[in-house]
Amino acid sequence: MKFKLPNPGLEDRIPSHERLDILEKEEVDGRPKWDNKTQYMLTCVGFCVGLGNVWRFPYLCQKYGGGAFMIPFLILLVLEGIPLLHLEFAIGQRLRKGSVGVWTAIHPYMGGVGKASMCVSFLVSLYYNTIIAWVMWYFFNSFQDPLPWSHCPLNDNRTGYVEECAKSSPVDYFWYRSTLNSSTNIDDAGSIQWWLLLCLMCAWAVLYVCCIRGIETTGKAVYVTSTLPYVVLTIFLIRGLTLKGSVDGIIFLFTPDIAELSNPDTWLNAGAQVLYSFSLAFGGLISFSSYNSVHNNCEQDAMIISVVNGFTSVYAATVIYSIIGFRATERFDDCNDRNILSLMNTFDLPERNITGDNYDAVLQKLNFTYPEVIKDLNLETCNLNALLSEGVEGTGLAFIVFTEAITKMPVSPLWSILFFIMLFCLGLSSMFGNIEGVLVPLQDLNVFPKSWPKEALTGMICLVSFLIALIFVQASGNYWLALFDEFAGSIPLLIIGFCEMVGVVYIYGIDRFNDDIEFMIGHKPNIFWQATWRVISPLVMFVILLFYFVTKVNKELFYIAWNPDYVNFPILERLPFANWIYAIIFILAGVPSLVIPATFLFKFIRNRCRKQDDLQALQTVSSAVSMNGLSN
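The structure displayed is predicted, hence computed values, not measured ones.

Regarding the overall build of the protein
Point 1. The helix and strand tally for the protein stands at 26 helices and 2 strands.
Point 2. Rg of the C-alpha trace for the protein: 28 Å, near the compact-globule value of 26 Å for 632 residues, within the 12% margin.
Point 3. Principal axes of the C-alpha set define a box for the protein whose edges measure 125 × 50 × 45 Å.
Point 4. Put simply, the protein has 632 residues, and 53% of those count as buried.

Structure, rendered in structure tokens:
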């Protein structure tokens, strides 16, 4: 038994296979084309592989059982990520349109899916390019020796360090005060930070230059932006493995905590990470694939991109934790050194009498002999595993943890420059896809006159985005960015991905889709694709969406703030959101999601009204004809 929803007029909305071949040969459809297959693959890799692979995936591995997190991630990558990636590649290549055009062609009532993708791409672009601006600020400051975040600045009297820095650390102070000039809560907007404003202008200007003519210019840029991060990651891995403690970090990362597999949050976050790391449901991949030859092997592309993406996540996590292992070992040794110095001064021991190797044995002996003295010393508790398990997510990992580790390396400015070049390339190549996910739908919706050149359209999008993104360069900007990151790219992506799968399988028709793929690549999809598209992937996404919704709705929402007056400073203060922030959360997560049913209802009601008007007009004509007949 086959289930397919009625879809009248579909044949008139999509080009036939014969028509596609004619368009391919005559090149009369007016769509840009990739210069070569390498350019297309690098663009897709650059879009899929982004900042999330470098800082979010390692954090999730650390938080949810190390190697144990790899198991649900890889399972859901196969059952959720790869099938949806292949579906987006195939449907974009078949219908040769952007996200709005594709879903409107499949069914006019589904146009909201493309609009929702456009909204998410726009919202994510706003804060993603702000992160690139932060990266540029750190990059510019890396041309100093010593690095400005390696030491605390002196106070006004030059008699000591600035109190806020002395109570925290140089890297924390440089991030929260010198860079963000962070306010103590989200309600205190503060003023615009001019140095970040300049960096934000530079970030949007660079993006505009790269995207000025669509894939004609981004296709050239990806040769650098998509390949350079792998070179830098490899350099950091080689350097990291030569540092003390790096292997401890890697072992800690991959040591599995099997108990985490029974934690629903582990599977929930693995599923969400798959969608986010593949850049699925943003609409950019559909647009990119629409520029391919109609007979391009999209199935092979999906497999290659999936393997590269999964490999990059694991590879980047290995690199990151080799450096984190070095940082933790340095802090562990510093902790031991302070305790050793206290013991030597208290017991008047000769220098080098206590070393890191015999510290535990000496401490145990002294504690047995002089327990009261040792107790009064209040020695620090030095625990390497505790230091390794200090999970720092997102911006904290890049701008605090990694920068601190870099300061402890020889020739630290060089490593800082390389690191921030890598982040810049990762962010920029992902932004190419986000801008594509906004630009092409706007063209499909005819928002701008068709006479406008692409340079003007791209410039308009970048200008509007820049003006809205000014909210992120205020003193409260870091809190706003965390808010956007938490809600703009979470629930909407899950809903869009689920609707895409259901739309192709049960509205467009899986049999028609199978025939399309056979026409494009020469053979029908195998049993794996059939099973995942028809049942497994929609079910997995529905369950993840359900659990995600339940856990987030019932969870009280907090954010963390930098407050020098906080009792437990430098620990970040945990604050509840003000009531008005919930309206912002609804706009970020609710509006893109509700665009889908809103578009459906609007078109349904409009069509019903039109049918009634047509019926009334027909009845009027019939009545007029009848009256004329009677009068004759």
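Let's talk about the environment of Val591
Point 1. As for its placement among the helices and strands, Val591 is situated in helix H26 (residues 581-631).
Point 2. Given the relative accessible area of 34%, Val591 is considered partly exposed.

Regarding helix H4 (residues 51-63)
Point 1. With 13 residues, H4 should cover 18 Å at 1.5 Å per step; its first-to-last C-alpha distance of 18 Å lies within 8% of that length.
Point 2. Maximal helix bending in H4 amounts to about 25°, located at Phe57; proline Pro58 follows within four positions.
Point 3. Most of H4 is tucked away, with 11 of its 13 residues classed as buried.
Point 4. Residues of H4 that are buried: Leu51, Gly52, Asn53, Val54, Trp55, Phe57, Pro58, Tyr59, Leu60, Cys61 and Gln62.
Point 5. One or two steps after H4, the chain reaches Gly65, where phi turns positive at roughly 85°.

Side note on the state of the cysteines
Point 1. For the coordinates displayed, the defined rule picks out 2 disulfides.
Point 2. Note on cysteine connectivity: Cys335 is disulfide-linked to Cys382, with sulfurs 1.9 Å apart. Looking along the S-S bond of the Cys335-Cys382 disulfide, the torsion reads about -80°, which is the left-handed sense. With a gap of 47 residues between them, Cys335 in helix H16 (residues 298-347) and Cys382 in the loop between helix H18 (371-377) and helix H19 (384-388) connect regions that are remote in the sequence.

Side note on the side chain of Arg177
Point 1. Mapping Arg177 onto the fold places it in helix H9 (residues 170-179).
Point 2. Under the relative-accessibility criterion, Arg177 is labelled buried at 18%.
Point 3. Of note is the side chain of Arg177, whose polar atom sits 3.1 Å from the side chain of Glu164.
Point 4. Contacts of Arg177, omitting those with residues within four sequence positions, involve Glu164, Asp172, Ser182, Trp562 and Pro564.

Focus on the packing of aromatic side chains
Point 1. The final tally for this structure, using the stated rule, is 50 aromatic pairs.
Point 2. Taking the centre distance of 5.1 Å and the plane angle of 85° together, the rings of Trp134 and Trp175 count as edge-to-face. Note that Trp134 is positioned in helix H7 (residues 111-141) and Trp175 in helix H9, a separation of 41 residues in sequence.
Point 3. With a centroid separation of 6.5 Å and 80° between ring planes, the pair formed by Tyr508 and Phe513 is classed as edge-to-face.
Point 4. Judged by relative accessible area, Tyr508 falls into the buried class, the value being 0%.
Point 5. Using a relative accessible area of 0% as the deciding quantity, one classes Phe513 as buried.

Cut-offs and rules
Residues numbered from 1 in each chain as written. Predicted model: local features only at pLDDT ≥ 70, side-chain atom pairs only at ≥ 80, totals over all residues. Heavy atoms only, no water. Helix = DSSP H or I, 4+ residues; strand = E, 2+ residues; numbered from the N terminus. Rg over C-alpha atoms; globule rule 2.2 N^0.38 Å. Buried < 20%, exposed > 50% of the residue type's maximum accessible area, 1.4 Å probe, protein only. Expected span 1.5 Å × (residues − 1). Bend = angle between axes of the 7 residues up to and from the residue. Disulfide = S-S within 2.5 Å. Polar contact = N/O pair within 3.5 Å; in protein donor to acceptor, adjacent residues only side chain to side chain. Contact = heavy atoms within 4.5 Å. Phe/Tyr/Trp six-rings, centres within 6.5 Å; stacked < 30°, edge-to-face > 60°.

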